[in-house]
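Residue-level structural notes
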Amino acid sequence: TWSPDDRSQIRECVEYAILEAGYRHIDTAYLYGCEDQVGEAVRNAIATGKVTREELFITTKVWPTFHKRMEDGLDLSLKASGLDYFDLVLVHWPIPVKCDSEDGKPFWPTNEDGYIARDTSSNHITMYQQLEKCLENGKAKAIGVSNYSIPKLESLLKECKYVPAVNQCELHPLLPRRDLCDFSTSKGIVMTSYFPFGGDGAPILKNEAIAEIAEKYSVSSSTILLSYHVNLGVSVVPKSFKPHRIKLNGKIVYLQKEDLKKLIDIGKEKPHRFNNINYDVDLEFGKEDW
Ligand SMILES: NC(=O)C1=CN([C@@H]2O[C@H](COP(=O)(O)OP(=O)(O)OC[C@H]3O[C@@H](n4cnc5c(N)ncnc54)[C@H](OP(=O)(O)O)[C@@H]3O)[C@@H](O)[C@H]2O)C=CC1
Ligand SMILES: O=C1Nc2ccccc2C1=O
């Protein structure tokens, strides 16, 4: 449910996804400013009698400006959505961001050097530990992380009481991060892919190697990009505002091993990340210590 600009259609799209396209997992975040619409769509969908709250899986994320008061951040999400609980709550980014306000805004304050203003008095472990309390008090049915690298997971796993259920990261054939996926899976952490099409404007759909594989299976490149994850045991959260694409994005095909390998190989040597946030830290693929 992330949209960089117009957010007016989100309630309608979420209702359509649930009622007409069979979606059960909806991914949102405090950052996205649309938890009110997600909550309304959930209530409307339940009111039709076609789906129950228990059948739906609603994820939200707490923004790192709430690094000292993650539960307050989650309370704002619960209030905005009108939901009694979230099925999954994630630490949105492992990097605490400076904040003086109640509402966690601005989300991306910058220093004079133009980089995002980090707050080093908290860290990726202390933020997660506050969500452990939200698991224990029932505000979250499961908790996890987002944008955590292997070093960040390693240090978190040494200190946490509950293993994160999920690590949601940018993943696609141009950024396969198989080391991160294998590490997470070996620890019982489910990987979720965001930006399956490369984000706004879906730049990865222009990739010729992917188009070739799509032709072989007589499906669209978008179906190949989503099937890539499901075939690897990774869950995936595509976004579309267009009803026919919302339906199309529910389609998954079995991929032959040789095609999965071809897809992984696309970004193996020179991985490309589309989500570049202006932190003064090294986002070096797979090796980052931030
Ligand atoms: N944890 C995190 O830090 C992050 C999480 N996310 C989550 O991941 C979700 C997905 O990422 P998002 O940024 O939305 O980017 P996506 O990679 O899902 O791409 C969205 C773009 O693809 C287009 N599109 C969607 N389906 C198709 C299709 N079948 N054929 C052609 N074009 C298509 C959409 O256009 P149109 O709408 O016009 O169809 C839109 O321009 C977000 O909505 C959010 O929930 C995203 C970023 C970071
Ligand atoms: O969830 C997110 N969606 C985004 C889109 C652009 C940049 C950062 C983000 C997020 O952290």
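Refer to the preceding data block for the structure.
Parameters and conventions
Residues numbered from 1 in each chain as written. Chains lettered and ligands numbered in written order. Predicted model: local features only at pLDDT ≥ 70, side-chain atom pairs only at ≥ 80, totals over all residues. Heavy atoms only, no water. Near = heavy atom within 4 Å. Polar contact = N/O pair within 3.5 Å; in protein donor to acceptor, adjacent residues only side chain to side chain. Areas by Shrake-Rupley, 256 points an atom, 1.4 Å probe, with all protein chains shown as cover. Nonpolar A, V, L, I, M, F, W, Y, C, P; charged D, E, K, R; others polar. Helix = DSSP H or I, 4+ residues; strand = E, 2+ residues; numbered from the N terminus. Buried < 20%, exposed > 50% of the residue type's maximum accessible area, 1.4 Å probe, protein only. Contact = heavy atoms within 4.5 Å. Axes fitted to C-alpha atoms, helices over the stretch in contact; angles between N-to-C directions. Parallel < 35°, antiparallel > 145°, perpendicular 65-115°, else oblique. Pairing = 2+ DSSP bridges.

1. A closer look at the site of ligand 1
Near ligand 1, the surroundings consist of 31 residues, among which D27, K239, S240, K242 and R245 are the closest. Taking S222, its side chain carries an N or O atom lying 3.2 Å from a nitrogen atom of ligand 1. One of the side-chain N or O atoms of K242 is found 2.6 Å from an oxygen atom in ligand 1. In isolation ligand 1 has 900 Å² of accessible area, and contact with the protein removes 92% of it. Split by residue class, the shell around ligand 1 holds 13 nonpolar, twelve polar and six charged.

2. With respect to the site of ligand 2
As a structural note, the neighbourhood of ligand 2 is formed by W2, L31, Y32, W63, H92, W93, W108, N275 and I277. Within the contact set of ligand 2, an oxygen atom lies 2.5 Å away from a side-chain nitrogen or oxygen of Y32. Within the side chain of W93, a nitrogen or oxygen atom sits 2.9 Å from an oxygen atom of ligand 2. Protein contact buries 85% of the 280 Å² of open area that ligand 2 shows by itself. For the shell around ligand 2, the class distribution of residues is seven nonpolar, two polar and no charged.

3. As for the side chain of N275
By secondary structure assignment, the location of N275 is in the segment after α10 (257–265). A relative accessible area of 16% places N275 in the buried class. Polar contacts involving the side chain of N275 include one to the side chain of Y194, which spans 3.0 Å. Discounting residues that sit within four places of it in the chain, N275 has contacts with W93, E170, Y194 and F195.

4. Regarding the packing of helix α8 (residues 221–231) against α10
It is at 11 Å that the axes of α8 and α10 come closest, and there the two elements cross at 105 degrees. With respect to α10, the element α8 is oriented roughly perpendicular. Taken together, the residues of α10 that come into contact with α8 (itself represented by I224, Y228 and N231) are L260, L263 and I264. For the contact of α8 with α10, the class distribution of residues is five nonpolar, one polar and no charged.

5. Observations regarding the sheet that holds strand β4 (residues 143–146)
The strand order across the open sheet built from seven strands is β1-β2-β3-β4-β5-β6-β7, with neighbouring strands paired in parallel fashion. In this open sheet, the two edge strands, each paired with only one partner strand, are β1 (25–27) and β7 (235–236). The pairing of strand β6 (residues 190–194) with β7 spans two bridges and is parallel. When the bridges of β7 are listed, T192 appears paired with S235. Running over the sheet, helix α4 (residues 124–136) touches β2 (57–62), β3 (88–91) and β4 and is turned about 150 degrees from β4.

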